[in-house]
Amino acid sequence: MDSVEVAAAPDAGPGPAWQSKCPWGAHNTTSMSCSLADVMSEQLAKELQLEEENAAFPEVVAVAEGPFITGENIDTSSDLMLAQMLQMEFDREYDAQLRREEKKINGDSKVSISFENYRKVHPYDSDSSEDEVDWQDTRHDPYRADKPTTTPRKGFIGKGKDITTKHDEVVCGRKNTARMENFAPEFQVGDGIGMDLKLSNQVFNALKQHAYSEERRSARLHEKKEHSTAEKAVDPKTRLLMYKMVNSGMLETITGCVSTGKESVVFHAYGGNATEDKVIPPECAIKVFKTTLNEFKNRDKYIKDDYRFKDRFSKLNPRKIIRMWAEKEMHNLTRMQNAGIPCPQVVILKKHVLVMSFIGQDQVPAPKLKDVTLSSEDMKKAYYQVLNMMQQLYKECNLVHADLSEYNMLWHDGKVWLIDVSQSVEPTHPHGLEFLFRDCRNVAQFFQKAGVAEALNERELFNAVSGLNITADNEVDFQAEIEALEKMNEDHVQNHGKKLSVFSGDGDPPIYAE
């Protein structure tokens, strides 16, 4: 083919200077010669197109990186490769959706779920991050304890020098480590179970004994919490008894705790509807005896020698003592009420819950004798009233308070009221006279400190209450004679089998068995 020459207009020759600068002047062009084949070449057209693209877009940002979508090894002519790339992008979006669902469901919970089995990450996917694959979500846990190999019945495995018995140190150590999983959940064993630890028998036995001790201690604490009355609180069984009293209409409402002591908790309640055979006072006191076993250390001596409860007393079952203790206070209050001694009126007894009349007004209990401030006349009046009540209690009720002091006497409506008679015993009790002498000492010391000039000392008060005529110069001889009388009475009881008084003296109180 003949070459085609493309040229500009011929030069017109030199001209004036203003013609070269004139915009309407002729433009000088350089001649460029090329063949027709070059003009029609497809490769030349591509190169020209690339040059134009590079000039317009100097930096081309790759959409994604990977072994299958880079510009070097991409092959768009393969349908299989295109399908794999599309499937991989779809699986990535699906796995990302699963991770979002996991985070939404789990939140901050300690127990989490995993959709690991539903993920579709391909093995050639290089974009999987650490948070996508967690060892806790995989089926293989590196910290899971391997199942120890069992020893055959013959007791050994291997032959010759390679024999291994069931007493091998390594085998026993691994078995002991695996057995730690059987400990109670509260016993923390850590994450060392799957780290090929070898515990000796001595260490394992010590850990096992400690785990059992902790489990028993936890059980005891739980039992004490569930089955005992705590400070200003009641256990579920006691609460149920109180609810039944309210539901039956006996009590209208229970307002709250008004007093607490070493042996009981007292609640205030408003009385409900009266029945035909029972009059319920407007305000009641609910005395709940504590069921903690440590409170019974010194109570057995008040019950086991009382003939009314001697046959029913069992030290081996201390939980039953509490009901006897409440029943004993009910009987003692009934005796005092029949004798006309100011004391709470018994309403009803339900197991270890005793309902009585409330000594006080408008939910405010009457003050104790030790807390009230009385004039000299009122204090003198209170002393003679206490002396009269002690004589009535001993002679008419056949009882000794056994814990009489200013803490167990209330001042209400201008007179003294006696409370807390659960420990009261009869004078024929092996320690009845000792308890009476202790009461006389407490009463005499209190009123003497209060400034009552007519107050007797403890020995004179003992003779005045009991009617005995014990003449001793000092307190030691006085207590010796009291112990001799108690011994004489105990021998008489053992010989005759009856509770009769052998005390000598003028004005002996009549003491007979019920």
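All values derive from a computational prediction rather than experimental measurement.

**Things to note about the overall build of the protein**
Inference 1: When you go through the protein residue by residue, the secondary structure sums to 13 helices and eleven strands.
Inference 2: Within the protein, the proportion of its 514 residues that are buried is 34%.
Inference 3: A fraction of 57% describes how many contacts in the protein between residues 6 or more apart in sequence connect residues 24 or more apart.
Inference 4: Total accessible area on the protein stands at roughly 33,900 Å², and carbon and sulfur atoms take up 51% of it.

**Details of the sheet that holds strand 3 (residues 251–260)**
Inference 1: Ordered in space as 3-4-5-7-6, the five strands form an open sheet in which the pairing is antiparallel. Each having just a single partner strand, strand 3 and strand 6 (346–350) make up the two edges of the open sheet. Here the strands of the sheet are splayed against their neighbours by 25 degrees on average, with no regard to which way each runs.
Inference 2: Looking at chain direction, strand 3 and strand 4 (residues 264–271) are connected through seven bridges and run antiparallel. The residue of strand 4 that forms the bridge with threonine 260 is valine 265.
Inference 3: Most of the contacts of helix 7 (residues 236–247) go to strand 3, to which it runs at about 140 degrees, and overall it touches strand 3, strand 4, strand 5 (283–289), strand 6 and strand 7 (353–357).
Inference 4: Contacts between helix 9 (residues 321–338) and the sheet are confined to strand 5, strand 6 and strand 7, with strand 6 contributing the most and set at about 165 degrees to the helix.

**Some points on the packing of helix 11 (residues 432–449) against helix 12 (residues 458–466)**
When two helices pack together, you describe them by how their axes are tilted relative to each other and by the distance separating the axes.
Inference 1: The interhelical angle for the contact between helix 11 and helix 12, taken along N-to-C directions, is 125 degrees, at an axis separation of 8 Å. Considered as vectors, helix 11 and helix 12 are oriented oblique to each other. Crossing of helix 11 against helix 12: the hand is right-handed. On helix 12, the residues touching Leu433, Leu436, Phe437, Cys440, Arg441, Val443 and Ala444 of helix 11 are Glu458, Arg459, Leu461, Phe462, Val465 and Ser466.
Inference 2: Here the contact of helix 11 with helix 12 is built from residues that sort into nine nonpolar, one polar and three charged.

**Describing the packing of aromatic side chains**
Inference 1: Tallied over the entire structure, the rule returns six aromatic pairs.
Inference 2: Centre to centre, the rings of phenylalanine 437 and phenylalanine 478 are 5.4 Å apart; their planes meet at 35 degrees, and the pair counts as tilted. Taken together, the residues phenylalanine 437 in helix 11 and phenylalanine 478 in helix 13 (residues 475–496) connect sequence positions 41 residues apart. The exposure classification of phenylalanine 437 matches that of phenylalanine 478, with both residues buried.

**Overview of helix 11**
Inference 1: Taking 1.5 Å as the rise per residue, helix 11 with 18 residues should run 26 Å; its terminal C-alpha atoms sit 26 Å apart, in good agreement.
Inference 2: Within the sequence span of helix 11, burial applies to Gly432, Leu433, Phe435, Leu436, Phe437, Asp439, Cys440, Val443, Ala444, Phe446 and Phe447.
Inference 3: Looking one or two residues past helix 11, glycine 451 carries a phi angle of roughly 95 degrees, positive in sign.

**Things to note about a negative patch on the surface**
Inference 1: A contiguous patch of negative charge on the surface is contributed by Glu47, Glu51, Glu52 and Glu53.
Inference 2: Its place among the elements puts glutamate 47 in helix 3 (residues 42–56).
Inference 3: Overall, glutamate 47 belongs to the partly exposed group, its relative accessible area being 38%.

Thresholds, definitions, all that
- Residues numbered from 1 in each chain as written.
- Predicted model: local features only at pLDDT ≥ 70, side-chain atom pairs only at ≥ 80, totals over all residues.
- Heavy atoms only, no water.
- Helix = DSSP H or I, 4+ residues; strand = E, 2+ residues; numbered from the N terminus.
- Buried < 20%, exposed > 50% of the residue type's maximum accessible area, 1.4 Å probe, protein only.
- Contact = heavy atoms within 4.5 Å.
- Areas by Shrake-Rupley, 256 points an atom, 1.4 Å probe, with all protein chains shown as cover.
- Pairing = 2+ DSSP bridges.
- Axes fitted to C-alpha atoms, helices over the stretch in contact; angles between N-to-C directions.
- Parallel < 35°, antiparallel > 145°, perpendicular 65-115°, else oblique.
- Left-handed = near helix turned anticlockwise from the far one by under 90°.
- Nonpolar A, V, L, I, M, F, W, Y, C, P; charged D, E, K, R; others polar.
- Phe/Tyr/Trp six-rings, centres within 6.5 Å; stacked < 30°, edge-to-face > 60°.
- Expected span 1.5 Å × (residues − 1).
- Patch = residues over 30% accessible without salt bridge, like charges linked within 9 Å, V, L, I, M, F, W, Y side chains within 5 Å.
- Salt bridge = Lys/Arg side-chain N within 4 Å of Asp/Glu carboxyl O.
- Lys, Arg positive; Asp, Glu negative; His and termini not counted.
- Charge placed at Lys NZ, Arg CZ, Asp CG, Glu CD.

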